[in-house]
Amino acid sequence: MSIKLRELIRSIRACKTAAEERAVVARECALIRTAFKDDDTQFRHRNIAKLLFIHMMGYPTHFGHIECLKLIASNKFPEKRVGYLGLTQLLDENTEVIMLVTNSIKNDMGHNNQYVNGLALCALGNIASSEMCRDLAREVEMMMNSTNPYIRKKAALCAMRVVRKVEEIEDKFNGRVAPLLEDRNHGVLISGCCLLTTLLEMNPDYVRDFRRHIPLLVRALKNMVQSGYGSAAEYDIAGITDPFLQARLLRLLGLLGAGSVDASDEMSDILAQVATNTEGAKNTGNAILYECVLAIMSIEAESSLRVLAINILGRFLLSRDNNIRYVALSTLQRVVNVDVKAVQRHRTTIIECLKDSDISIRKRTLDVAYALINEENIKGMIKELLNCLLVAETDFKEDLCSKICMAVERYSPDRRWQLDTLIKVMCLGGNFVKEAQREHFCQVVASTPELHSYTVIKLYFNMKDSLSQEALVHVGVWCLGEFGDHLVSGRAVGPNKEPIRVAPSDILDLLQDVVRKPPNPDKAYAIHSLVAAALIKLVTRCPSEIERIRKALRRFECSLSVDLQQRSCEFLELLESEWSASRAGILDRMPVSERSISGADAVGDSSIDEVHPSARGRVGGGGGGGGPTDP
């Protein structure tokens, strides 16, 4: 005979290794199989209870499915209870033998014992397949008319499963909802709210029909908020009367009030009372306030009521509990488009959350901050995000760089500010700027001739400061090749009206440093390809350095990258004398893409109003250079 459940638990807990545990479980499963084979009815319920524990530990228990059905068919309540427990835990709606229990459940639904009825309804509400729901829907509907509140609430919860599984019969339960909402029993009322919520979520067309129940729901909620009800003390949690029912009522009111001004007016007063009078010192009150905020933002509420809801979320952001702050940020992200101005008032608090030590809080805050950015606050918000980028951790920089680049592309006031900001991003987090954003930067530069000198000078001196940022090096090398003539010609003028000129040899020295110390050694071939393209372009921009360019290109002929070998050979061919006549045309600037560039059309000030520190003292010199400082 197999051991008792408590002895099995004690034996498993005494195991010191996984092998010992498996041996104990295997031995007990063998004994249980033998008992099932011998049709041992005396200890069948004990064996199923042990299988439940074994199942919780992750071991297979499929051999006990039929035994659960046998226990359900028993006339003894203890055995029936264990059988239903095994049915709901060991089986699911996809198990083949589940259909065999349909008749037993139907018989138990008609039993004269309310607890047997409850077992059957719980099993049907948890694991019923669509076929079982279709077969037993009429019985569930009849039990919703029972005079026993225990059975009514169980039937209402079971009806939720039926509605989800069989869409064509959901209208059968529509007429049964009103009596549930009028019931004074806590369990029946909360079950009715759950059923109505399910019906409205499954078919939003029912919302108009059920709006007639709004006064009833408002009265129930007002009774709890103001005076409680007969058995209020039984459902009081942390000084809040029946918070679970309040939360259900608030969620239901949010569904009923959506899209209707009249319905929203009916519930505005009670929502304001809940938002004002509920104490948020404990999680119970915070849960009610959270549901109240969602309801207010779902309906056609007045602006003052929405401001009250947003202020509640603002208080949540000041909480020390990260869970509450995360909930507030997630809710703000959902409602920011409903009332942007109200959310903007808490912008400072939101930005502070970017400094939180919890990465999940920072990421959620970043999403909210991005949603708050518009044409009016773009400069201030981007400044705050750049300050965060300066001290951000590595795993957060990619998301931060991406959001900054998208915001700048969408709301930039002019092209100069756009380029300045993107260069600053690449200086601080260039290793995390995506390829598409680098490409977009180059397109913006190419399509803005007025800023060619400004941009290439700025990139040149930023690259001289640091070659550790991949995106900065990529776009910088490309701009040196395309617009290097602006560096050596002296066309750019500094703040003192003196020309800024860079010696051609200095440009080639910088490209040589890039080849020798690429920012990402794993992608050195890609960087070398960009340098090779820039070198061949500089042949026409810096003709005095053609021999040095030829020497540099020959080094790439021995590269392990076949593509780079081919490019270098083709570029060296262009340096031959027979290409002299057509070389300038071949190496001309890349044509501007016909695809429209998103962002501002205004160019902005293209003058160089400040000189980079590394260029001071050399502005205006024959071989010196200069450029604007970082933004």
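Anyway, here's the lowdown on the structure attached to this text. (Residues numbered from 1 in each chain as written. Predicted model: local features only at pLDDT ≥ 70, side-chain atom pairs only at ≥ 80, totals over all residues. Heavy atoms only, no water.)

1. Points about the overall build of the protein
Inference 1: Counting secondary structure elements, the protein contains 32 helices and two strands.
Inference 2: A globule of 631 residues ought to have a C-alpha radius of gyration of about 25 Å, yet the protein, at 36 Å, is considerably larger.
Inference 3: Projected onto the principal axes, the alpha-carbon positions of the protein cover approximately 105 × 65 × 45 Å.
Inference 4: For the protein, the residues scored as buried account for 53% of the 631 residues in total.
Inference 5: Across the protein, the fraction of contacts at a sequence separation of at least 24, relative to all contacts at a separation of at least 6, is 67%.
Inference 6: Here the protein holds 79 positive side-chain charges and 80 negative ones, and the gap between their average locations is 5 Å. (Helix = DSSP H or I, 4+ residues; strand = E, 2+ residues; numbered from the N terminus. Rg over C-alpha atoms; globule rule 2.2 N^0.38 Å. Buried < 20%, exposed > 50% of the residue type's maximum accessible area, 1.4 Å probe, protein only. Contact = heavy atoms within 4.5 Å. Lys, Arg positive; Asp, Glu negative; His and termini not counted. Charge placed at Lys NZ, Arg CZ, Asp CG, Glu CD.)

2. Concerning the nonpolar core
Inference 1: Membership of the largest hydrophobic core comes to 202 residues, with the highest contact counts inside it found for L87, I382 and L553.
Inference 2: Residues within four places of I382 in sequence aside, it is in contact with I373, I404, A407, V408, W417 and T421. (Core = buried A, V, L, I, M, F, W, Y, C linked by side-chain atoms within 4.5 Å.)

3. Notes on empty space enclosed by the protein
Inference 1: Tallying each qualifying case throughout the model produces one cavity of 30 Å³ or more.
Inference 2: Approximately 40 Å³ is the volume found for the largest cavity.
Inference 3: If you trace the largest cavity, you find it lined by C405, L422, V425, M426, V433, Q437 and F441.
Inference 4: At the level of secondary structure, the elements contributing two or more residues to the lining of the largest cavity comprise α24 (415-429) and α25 (435-446).
Inference 5: Per-element accounting of the lining of the largest cavity gives the leading share, three residues, to α24.
Inference 6: Tallied by class, residues from the lining of the largest cavity come to six nonpolar, one polar and no charged. (1 Å grid on protein atoms, 1.4 Å probe; cavity = no way out; pocket = protein on both sides within 12 Å on 5 of 7 lines; lining within 4 Å. Points joined across faces, edges and corners; volume = space filled by probe spheres on them. Nonpolar A, V, L, I, M, F, W, Y, C, P; charged D, E, K, R; others polar.)

4. Brief notes about helix α16 (residues 283-298)
Inference 1: Along its 16 residues, α16 runs 22 Å from first to last C-alpha, staying within 8% of the 22 Å computed at 1.5 Å per residue.
Inference 2: Burial analysis of α16 places 12 of its 16 residues in the buried class, the great majority of the element.
Inference 3: Burial in α16 covers these residues: T284, G285, N286, I288, L289, E291, C292, V293, L294, A295, I296 and M297.
Inference 4: Against β1 (236-237), β2 (240-241), α14 (243-257), α15 (261-277), α17 (303-317) and α18 (322-335) lie the buried residues of α16. (Expected span 1.5 Å × (residues − 1).)

5. Some points on the side chain of E67
Inference 1: In this fold, E67 is placed in helix α4 (residues 65-72).
Inference 2: Of the residues examined, E67 reaches a relative accessible area of 6% and is grouped as buried.

6. As for the environment of L332
Inference 1: Secondary-structure assignment places L332 in helix α18.
Inference 2: Separated by 33 residues in the primary sequence, L332 and T365 have C-alpha atoms spaced 9.4 Å apart.

7. Thoughts on the packing of helix α13 (residues 214-226) against α15
When two helices pack together, their arrangement is given by the angle between the helix axes and by the axis-to-axis distance.
Inference 1: For the pair α13 and α15, the least separation of the axes is 10 Å and the interaxial angle reads 15 degrees. The orientation of α13 relative to α15 falls into the category roughly parallel. Of the two possible hands of crossing, α13 and α15 adopt the one that is left-handed. Residues I214, P215, V218, L221, K222, V225 and Q226 of α13 form the contact with α15, whose own contacting residues are A263, E266, M267, I270, Q273, V274 and N277. (Axes fitted to C-alpha atoms, helices over the stretch in contact; angles between N-to-C directions. Parallel < 35°, antiparallel > 145°, perpendicular 65-115°, else oblique. Left-handed = near helix turned anticlockwise from the far one by under 90°.)

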